[in-house]
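# Residue-level structural notes
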Amino acid sequence: MAQDSATLAVPDGSRATRMRAPMPPVARGFLWAGIGFLIGTGFMFLVDRFPGSNPPFITEPSVTVGWLLGFVGWLLGVGGYESVVRPWLGLPNTYVASRGWRRYFELSLDNKVVGIQYMVGSVATFGIAGLLAMGMRAQLMGSNNDVFGGDVWYLSAVTMHGVLMLLGVAVVGFVGGLGNYVVPLMIGARERMYPRLGGMAFWMYPAGVITILLIPMYGGSTAGLWGYEPLAAQDPSGQIFYYLGIFAMSMSSLLTSLNLLVTMIYRRAPGVTWGRMPVFAWSQVAVAIMSMIWLPEIQTGMVMGLLDRVIPTNFFNPNGGFALAWESLFWLFGHPEVYIVMLPAWGVWLEITSVMSRKTLFAKKYVITALGFLTVLSSMVWAHHMFTSIRNSEMIPFSFFTESVSIPTGVMFLSALGTMWNGRIRFNTPMWYVLASMFNFTIGGLTGFFLADVPANLALHNTFFVVAHFHFTLLGGMIFAWLGALYYWFPKITGKMYNERWGKIGALLVFVFFNATFLQMFLAGLHGMNRWVAQYPAYLANQNLWISISAFLLGIGFIIAFWNMAISWAKGKKAAENPWDAKTLEWITSSPPPAENFSEIPVVTDGFYRYGAAKPELPLFEAETLKALARRQKGRKEAAAGKDER
């Protein structure tokens, strides 16, 4: 693939934009998506007619073909036509980037705009998935409640909550959001390797989210996050949106990971060797490798599941197909997915603990080695999710490898603790979230030992114990680290400083009520509370009532955490350019960074984590870079002095 350098040649548009785009790109995207859908469904209505048959206009095959054409129309409408198709056809490039808030509602070639698009999108998706969770907890406040008006709608809510949280928040928040925004800055790059690909990848993401939200409009989907076949074959037609939505969101993450990996290989600034590359960027390397292996694998499963419904091909039909193949396909992706989510979270732990402790990052080489082992080991443990379905002789190896994962995982804890040891720790909001994430993931990891053990796994299977373990690992581990990362890089992204008091209040509320909610779920599971049930035995009602109350208070905590960021972005005080005195490259450019990230590409001469060294530290940058920084600092002082005189 040829290098894409279109970003550097993109003209800024104001009047020209209005002339060339009479309709806002998002509105045009919806229009073209609707036209594509009608063409696809109409085409299938005409060709899918057998002699004597009289099929309706809307069928599962026609919706599938209509969705595919609508998906293409959506991508072209939001800007793909001008920025991708016309250049490919050799036509004049008419792409013009908008300014101001409009640039966030079109296909952008700027890594920072795309990063913010992903971050805002993942926060919005988190809110939608959170509302679904609140509805589920309202349902479970009583043993015979009927908030959703039937089991199908309750289970559809559970399905949408799981898919959106896992593929629309957990992966996107770190890879699409902070990966796009921060990684090019951390390695000293002006842009990602393929800006067009990155811009196009983002717009696949909202298409996937909207598709998942359409599930109730087509009858619902009760097979859950996993979509187990052949159970899913009995589901209403909404199940096809499960396949299509996951396909779109996973394609967005796959292309983003590919783009970031190639960028880190070819676009590092002079002196940013592999050994000096920041640990958060290293975590993205590991995530990208895993994504390129396992996302195409689950996409293959989605296509096969979809074909089983619309043709049908009978891949997973027990009568002639492979009924267990779906479980293997799903969990081959499903368990590495946990590490695709957690690896950047560990990268955030180590970035923040080093900066806030003013300590050299402990055992960085071992951390990078452990990332490599996690990439391999996490791909060898999928069948521990299938202990109830596989032979006894197959359980022991998977139990062994599952418990082995704890060794490289422990290296992350040891590095963070070793870095903080004897450090001058600043207990600010990012650090609170990192410490809370470490605590939560410890509980998630320790309870994982029980589920890796065959007898305990068989006893606890499909209970709330598993739900609690899963949420301590992902919500408690990843989401807390994500919040810490958002607060850590908030001054860089917005140029504003958040409110520290409300940041800590939000962190405290989220931590307390998260543990109040999910610790009780361990006990509920041990007492026999099954998941995937809208009604349950009356003796569990009191416990579920307190879980629901805690969950509602947890929701308030999350609202405060995000509301503080929103208000601070709009009305916060101007932040210092490097409020944490961090040494990684994103902090040597202005906040927010300029269009091409750096006015001059820095030349690095030393690692980024040398804090508190006994001997004088080596210069971090070459003389020319230091001169450029001095010129920029002098320019800012002169500008400030001129402002005071006025």
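Notes on the structure follow. The residue numbers shown here count from 1 along each chain, following its written sequence. Since the coordinates come from a predicted model, pLDDT governs what is reported: local features require at least 70, and pairs of side-chain atoms require 80 or more to be given and counted, while whole-chain, interface and lining totals use all residues. As a rule here, side-chain values cover all heavy atoms of the structure and leave hydrogens and water aside.

Further remarks concern the overall build of the chain. By the criteria applied, helices consist of DSSP H or I runs no shorter than four residues and strands consist of E runs no shorter than two, each listed in order from the N terminus. Along its length, the chain carries 18 helices and two strands. Exposure is judged per residue with a 1.4 Å probe applied to protein chains only, and the accessible area is read against the type maximum: over 50% gives exposed, under 20% gives buried, and values in between give partly exposed. Taking all 646 residues of the chain together, 57% fall into the buried category. Of all intrachain contacts in the chain linking residues separated by at least 6 positions in sequence, the fraction that spans at least 24 positions is 80%. For the chain, the accessible area works out to roughly 26,600 Å², and carbon and sulfur atoms hold 68% of it. Treating the 44 positive side-chain charges of the chain as one cloud and the 33 negative ones as another, the clouds have centres 11 Å apart. The contact criterion used is simple: two residues touch if any of their non-hydrogen atoms lie within 4.5 Å. Here the Shrake-Rupley method, with its probe set to 1.4 Å, supplies the accessible areas, and only the displayed protein chains count as covering residues. Counting rule applied: Lys, Arg positive; Asp, Glu negative; His and chain ends not counted. Charge positions are represented by NZ for Lys, CZ for Arg, CG for Asp and CD for Glu.

Only buried Ala, Val, Leu, Ile, Met, Phe, Trp, Tyr and Cys residues count toward a nonpolar core, and they belong to the same one when joined by side-chain atoms within 4.5 Å. Within the largest apolar cluster, 193 residues are counted, with the highest numbers of intra-cluster contacts made by Phe174, Leu178 and Trp489. Of all the elements, helix H5 (residues 151-186) adds the most residues to this core, at 22 residues. When residues no more than four places from it in sequence are discounted, the contact partners of Leu178 are Met119, Gly173, Val183, Phe280, Trp482, Ala485, Leu486, Trp489 and Ile493.

With that settled, consider the side chain of Gln543. Positionally, Gln543 belongs in helix H17 (residues 541-571). By relative accessible area, which is 17% here, Gln543 ends up buried. Here a polar contact is recorded for every N or O atom pair within 3.5 Å, except that within protein the pair must consist of a potential hydrogen donor and a potential acceptor, and residues adjacent in sequence are included only if both atoms are side-chain atoms. One polar contact links Gln543 to His527, side chain to side chain, over a distance of 3.3 Å. Sequence-distant contacts of Gln543, defined by excluding residues within four places in its chain, comprise Gln520, Leu523, Ala524 and His527.

Bringing the environment of Arg196 into the picture now. Tracing the backbone through its elements, the reader meets Arg196 in helix H6 (residues 195-213). Residues Arg196 and Leu109, spaced 87 residues apart in sequence, show a C-alpha to C-alpha distance of 5.7 Å. Within polar-contact distance, the side chain of Arg196 engages the backbone oxygen of Ser83 at 2.5 Å.

Glancing now at a nonpolar patch on the surface. Patches here: salt-bridge-free residues with over 30% relative accessible area, like charges joined within 9 Å, nonpolar side chains (Val, Leu, Ile, Met, Phe, Trp, Tyr) joined within 5 Å. We define a salt bridge as a contact between a side-chain nitrogen of Lys or Arg and a carboxyl oxygen of Asp or Glu at a distance within 4 Å. Together, Met23, Leu31, Ile35, Ile39 and Leu69 give the surface a local cluster of nonpolar side chains, amounting to about 420 Å² of exposed area. Sort the elements by how many residues they give to the nonpolar patch and helix H2 (residues 25-47) lands first, with three residues. Its location among the elements puts Leu69 in helix H3 (residues 60-88).

With that settled, consider the environment of Met204. Topologically, Met204 is positioned in helix H6. For Met204, a relative accessible area of 9% corresponds to the buried category. Residues within four places of Met204 in sequence aside, it is in contact with Phe71, Leu75, Ala248, Met249, Met251, Ser252 and Leu255.

Once that is clear, we can look at the pattern of salt bridges. In the structure shown here, the tally under the stated rule is six salt bridges. Between Glu82 and Arg28 there is a salt bridge, with the nearest N and O atoms lying 2.8 Å from each other. Highlighted residues: Glu82 in helix H3 and Arg28 in helix H2, separated in sequence by 54 residues. Take Glu82 and Arg28: they sit in the same class, and that class is buried. Between Glu191 and Arg192 there is a salt bridge, and its shortest N-O distance comes to 2.8 Å. Judged by relative accessible area, which is 3%, Glu191 ranks as buried.

A few words now on unusual backbone geometry. Following Ile311, the chain continues to Pro312 via a peptide bond in cis, the omega torsion being -5°. Counting through the fold element by element, Pro312 comes out in the loop between helix H8 (279-310) and helix H9 (325-357). With an omega of -5°, the peptide bond between Ser591 and Pro592 qualifies as cis. Locating Pro592 in the fold gives a position in the loop between strand E2 (573-574) and helix H18 (623-645). Positive phi is not limited to glycine here, since Ala363 has a value of about 60°. Within the secondary structure layout, Ala363 lies in the loop between H9 and helix H10 (364-377).

All right, on to empty space enclosed by the protein then. Here a cavity means grid points, on a 1 Å grid over the protein atoms only, where a 1.4 Å probe fits yet cannot get out; a pocket means an open set of points with protein on both sides within 12 Å along at least five of seven lines; lining residues are those with an atom within 4 Å of a point. Grid points are joined across faces, edges and corners, and a volume is the space filled by probe spheres set on the points. A full pass over the atoms with the stated rule returns one cavity of 30 Å³ or more. Lining of the largest cavity is provided by Met44, Phe45, Asp48, Pro55, Pro56, Thr59 and Ser62. Broken down by class, the residue content of the lining of the largest cavity amounts to four nonpolar, two polar and one charged. Each residue gets one label: Ala, Val, Leu, Ile, Met, Phe, Trp, Tyr, Cys and Pro are nonpolar, Asp, Glu, Lys and Arg are charged, and the others, such as Gly, are polar.

Multiplying 1.5 Å by the helix residue count minus one yields the expected span of that helix. Between the first and last C-alpha of helix H11 (residues 392-404) there are 19 Å, a value that for 13 residues agrees with the 18 Å anticipated at 1.5 Å per step. Within H11, the full set of buried residues consists of Met395, Phe398, Ser399, Thr402 and Ser404. On the buried face of H11, the contacting elements are H10, helix H12 (406-420), helix H13 (429-452) and helix H14 (454-460).

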